[in-house]
Amino acid sequence: MDERYAIDPAGFLDLSSVVAKGLDELRRTVDAARSALRDVGEALSRANGLAGAYESLTGPVGRGCRAAVEHGGAVLGAAQEAVAAFCRADAEMAAEATRGETASGADGWRPW
């Protein structure tokens, strides 16, 4: 059966693989940056008043970056599931249409 879709499933899978690898690399980079920020915060903890100010500045940024990476992964996962569901539904429709054509051709009866 020649499958044709309004989208390019193979191209989407290739692209989503590239995006997933990029998100993995970004997550590793964000985690390393957050670790460095924590190290600096620990070093500043000895200085009176600096640690709290430093955390109030860097904490939201570090958490926000991690949340953005996680959100990107969730969006990618949802897009992959949507494409898979589209392809499954299309294949089911094609199979049903083929069954219908075969059944109506077998006895010559047409419902219209």
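Please refer to the structure placed before this passage.
Residues numbered from 1 in each chain as written. Predicted model: local features only at pLDDT ≥ 70, side-chain atom pairs only at ≥ 80, totals over all residues. Heavy atoms only, no water.

Engineer: Quick question: what am I supposed to make of the overall build of the protein chain here?
Structural biologist: Broken down by element type, the protein chain carries 2 helices and 0 strands. When the 112 residues of the protein chain are sorted by exposure, 13% land in the buried category. When contacts within the protein chain are restricted to residue pairs at least 6 apart in sequence, those whose partners lie at least 24 apart make up 71%. In the form shown here, the protein chain has an accessible surface area of approximately 8,100 Å², with 62% of it arising from carbon and sulfur atoms. (Helix = DSSP H or I, 4+ residues; strand = E, 2+ residues; numbered from the N terminus. Buried < 20%, exposed > 50% of the residue type's maximum accessible area, 1.4 Å probe, protein only. Contact = heavy atoms within 4.5 Å. Areas by Shrake-Rupley, 256 points an atom, 1.4 Å probe, with all protein chains shown as cover.)

Engineer: Is there a simple way to think about the pattern of salt bridges in this case?
Structural biologist: In a structure, side chains of opposite charge can pair up when their charged atoms sit close to one another. Throughout the structure, instances matching the rule amount to 7 salt bridges. As a salt-bridge pair, Glu-25 and Arg-28 come within 2.9 Å of each other at their nearest N and O atoms. Of this pair, Glu-25 and Arg-28 are both found in helix H1 (residues 9-44), 3 residues apart, which corresponds to roughly one turn of the helix. Using a relative accessible area of 41% as the deciding quantity, one classes Glu-25 as partly exposed. Residue Arg-28 is classed as partly exposed on the basis of its relative accessible area, which comes to 43%. A salt bridge links Glu-70 to Arg-66; the shortest N-O distance between them is 3.0 Å. Residue Glu-70 and its partner Arg-66 are located together in helix H2 (residues 50-107), separated by 4 residues, close to a single helical turn. Where salt bridges share partners, they join Arg-27, Asp-31, Arg-66 and Glu-70 into one cluster. (Salt bridge = Lys/Arg side-chain N within 4 Å of Asp/Glu carboxyl O.)

Engineer: Where do I start with H1 in this structure?
Structural biologist: Counting along an α-helix, one turn takes 3.6 residues, and residues three or four places apart therefore face a common direction. The first and last C-alpha atoms of H1 sit 51 Å apart over 36 residues, in line with the 52 Å expected at 1.5 Å per residue. Considered for burial, the residues of H1 that qualify are Pro-9, Ser-16, Leu-23, Val-30 and Gly-41. (Expected span 1.5 Å × (residues − 1).)

Engineer: When you look at the layout of surface pockets in this model, what are you seeing that I'm missing?
Structural biologist: Over the atoms rolls a probe the size of a water molecule, and in doing so it shows where empty space is left. For the largest pocket, the calculated volume is near 210 Å³. Looking at the largest pocket, the residues that line it are Arg-34, Leu-37, Arg-38, Gly-41, Glu-42, Ala-51, Tyr-54, Glu-55, Thr-58, Gly-59, Gly-62 and Arg-63. When contributions to the lining of the largest pocket are tallied by element, the ones reaching two or more residues are H1 and H2. The element contributing the most residues to the lining of the largest pocket is H2, with 7 residues. (1 Å grid on protein atoms, 1.4 Å probe; cavity = no way out; pocket = protein on both sides within 12 Å on 5 of 7 lines; lining within 4 Å. Points joined across faces, edges and corners; volume = space filled by probe spheres on them.)

Engineer: Sorry if this is basic, but what is going on with the environment of Arg-38 here?
Structural biologist: Structurally, Arg-38 is set in helix H1. In this structure the C-alpha to C-alpha distance between Arg-38 and Tyr-54, which are 16 residues apart in sequence, comes to 9.8 Å.

Engineer: Whenever I open this one, the side chain of Ser-16 confuses me. Can you help?
Structural biologist: Along the chain, Ser-16 turns up in helix H1. In this structure Ser-16 comes out as buried when scored by relative accessible area, which is 3%. Of note is the side chain of Ser-16, whose polar atom sits 3.2 Å from the side chain of Gln-80. Look past the residues within four positions of Ser-16 in its chain and what remains in contact with it is Leu-76 and Gln-80. (Polar contact = N/O pair within 3.5 Å; in protein donor to acceptor, adjacent residues only side chain to side chain.)

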